[in-house]
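If you want the building blocks of each chain, they are given just below.
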Amino acid sequence: MTDSHKPTNEVLLEIKDIRKYYPVYKGVFKKVVGHVKAVDGVSLFVRKGETLGLVGESGCGKTTLGKCLVRLQQPTSGELLYRYDGSELRDILTLTKQESFDVRQKIQIVFQDPYSSLNPVKTIFDSFDEPLRIHRMGSRSQRKEIIARLLESVNLRAEYMYRYPHEFSGGQRQRICIARALCIQPELIVCDEPVSALDVSIQAQVLNLMKDLQQQLNLTYIFIAHDLSVVEYMSDRIAVMYLGQVVEIAASESLYASPRHPYTEALLSAVPNPELDRQKERIVLKGDVPSPIDPPIGCRFHPRCSKCQDICRTEAPVLRKAAGAEDHYVACHLADTMPILNV
């Protein structure tokens, strides 16, 4: 992150042991025979003003966790503690209907696909005006001024509010989606792979715009992505997920300089290095990702880990502080016995 952007030490959101299970039905009578453990005991916190990156392979539970945070999915169990109204942390899963309505204004989401995020039969004005009306934010003329100002803040002309989504390119649509997420003045934005559907040349523009907006509006981001170079550019801290669980979390510089988990090491080895004289050895993981319906006993990564030992097959590791590192946590039995990995 840029030096001018300084997150505070105040925790804005704390996630405690969140789980999201989907039942698996079988037979004529739709009997439940198991559960897809999409998110299985995730605990994290996000400080006010920072960007927390969330990375991992497809299917690891990143998007499901993001949807649980904005209540598009109801968690099976756990707590979502949010600093509601600037006071103490409160579990938003237990708030009253009115309090939940107020919190929804504070936590917004930007989806991955800009082509399906906007209603094709509504003008941009109507897409923005609806949430503003619902949250009683000004008269029609005042709302029009707000929408014009928001479009200009993402480098689009105010008169574009009367156009339909099909009249814009993918990059313009995603900037519109970012502006729409900002229209009711949120504090926290969940960014679910916001640039993965865009051309590389457009990605940089959108990412720089998001960083500028974060600095101007004191926003907090949870940035979900599978592109590790994008996450490194955007994030203050990064959490690595594997099969529904967090296996490592650390400051961005610490994680990229010395990953402590073999899975993180493998992910980082796949990031291309532009320097020809500093090419690194690619670590190819064996096998496929296990089924979230029946995850392996012990460490969930052990069937694919080249460093696996007997304890890894029988005992699940807990997320604990890595030796000799500040604010660096890893869920690996061997993290302190292996040499520090330099990728």
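Going by an unreviewed UniProt entry, the protein chain carries the name Dipeptide ABC transporter ATP-binding protein and comes from Paenibacillus foliorum. Listed in UniProt under the heading Sequence similarities (unreviewed entry), the comment for the protein chain reads: "Belongs to the ABC transporter superfamily."

For the structure on display, the rule yields 14 salt bridges. Measuring nitrogen to oxygen at the nearest pair gives 2.3 Å for the salt bridge that ties Asp40 to Arg300. Within this pair, whereas Asp40 is found in strand 2 (residues 31-47), its partner Arg300 is found in the loop between helix 9 (262-269) and helix 10 (310-314), the two being separated by 260 residues in sequence. Residue classification places Asp40 among the buried positions, given a relative accessible area of 5%.

The next thing to look at is the sheet that holds strand 5 (residues 89-91). Taken in spatial order, the four strands of this open sheet run 2-1-4-5, and their pairing is antiparallel. Edge strands, defined here as strands with exactly one partner in the open sheet, are strand 2 and strand 5. Here the strands of the sheet are splayed against their neighbours by 25° on average, with no regard to which way each runs. As judged from the 13 bridges shared by strand 1 (residues 11-26) and strand 2, these two strands associate in the antiparallel manner. Residue pairing in the sheet places Pro23 in a bridge with His35 of strand 2. Contacting strand 1, strand 2 and strand 4 (77-83), helix 1 (residues 62-69) runs over the sheet at an angle of about 115° to strand 1.

The next point concerns the UniProt feature "domain: ABC transporter" (unreviewed entry) in the protein chain. In the numbering adopted here, UniProt assigns the feature "domain: ABC transporter" (unreviewed entry) to residues 13-268. As annotated, residues 13-268 has a helix share of 37% and a strand share of 29%, and its two end C-alpha atoms lie 27 Å apart.

Turning our eyes to something else, we now look at the layout of surface pockets. Each pocket or cavity is described by its volume, and for the largest pocket that value is around 570 Å³. Looking at the largest pocket, it is lined by 24 residues, and the ones nearest its centre are Arg104, Ile107, Gln108, Ile109 and Ile184. Breaking the lining of the largest pocket down by element, the ones donating at least two residues are helix 2 (97-106), strand 6 (107-110), helix 3 (124-134) and helix 5 (170-182). A per-element tally of the lining of the largest pocket places helix 2 first, with five residues. Broken down by class, the residue content of the lining of the largest pocket amounts to 15 nonpolar, five polar and four charged. In this structure, the second largest pocket encloses a volume near 430 Å³. Lining the second largest pocket we find 19 residues, and of these Asp40, Gly41, Gln245, Ala316 and Pro317 sit closest to its centre. Broken down by secondary-structure element, the contributors of at least two residues to the lining of the second largest pocket are strand 2 and strand 10 (245-251). Here the lining of the second largest pocket is built from residues that sort into 13 nonpolar, four polar and two charged.

Reading the values: rules and limits
Along each chain, the written sequence defines residue order, and numbers are assigned to residues from 1. For a predicted model such as this one, the threshold for reporting local features is a pLDDT of at least 70, and the threshold for listing and counting side-chain atom pairs is 80 or more; totals across whole chains, interfaces and linings nevertheless cover every residue. The basis for every side-chain value is the complete set of non-hydrogen atoms in the structure, without hydrogens or water. UniProt positions are given in the numbering used here, feature names are shortened, and annotations may be inferred rather than shown by experiment. For this document, the term salt bridge refers to a Lys or Arg side-chain nitrogen within 4 Å of an Asp or Glu carboxyl oxygen. Only DSSP runs of H or I reaching four residues or more are called helices, and only runs of E reaching two or more are called strands; each is numbered from the N terminus. Exposure classes here rest on a 1.4 Å probe applied to the protein chains alone. A residue is buried below 20% of its type maximum, exposed above 50%, and partly exposed in between. Strands were regarded as paired on the criterion that DSSP finds at least two bridges between them. Only the stretch in contact is used when a helix axis is fitted, and all axes are lines through C-alpha atoms; the angle between N-to-C directions ranges over 0 to 180 degrees. Any two residues whose heavy atoms approach within 4.5 Å at even a single point are treated as in contact. Space inside and on the surface of the protein is sampled on a 1 Å grid over the protein atoms alone, with a cavity defined as a set of points where a 1.4 Å probe fits but cannot get out and a pocket as an open set with protein on both sides within 12 Å along at least 5 of 7 lines; lining residues have an atom within 4 Å of a point. Grid points are joined across faces, edges and corners, and a volume is the space filled by probe spheres set on the points. Ten residue types, Ala, Val, Leu, Ile, Met, Phe, Trp, Tyr, Cys and Pro, are classed as nonpolar, four, Asp, Glu, Lys and Arg, as charged, and the remainder, Gly among them, as polar.

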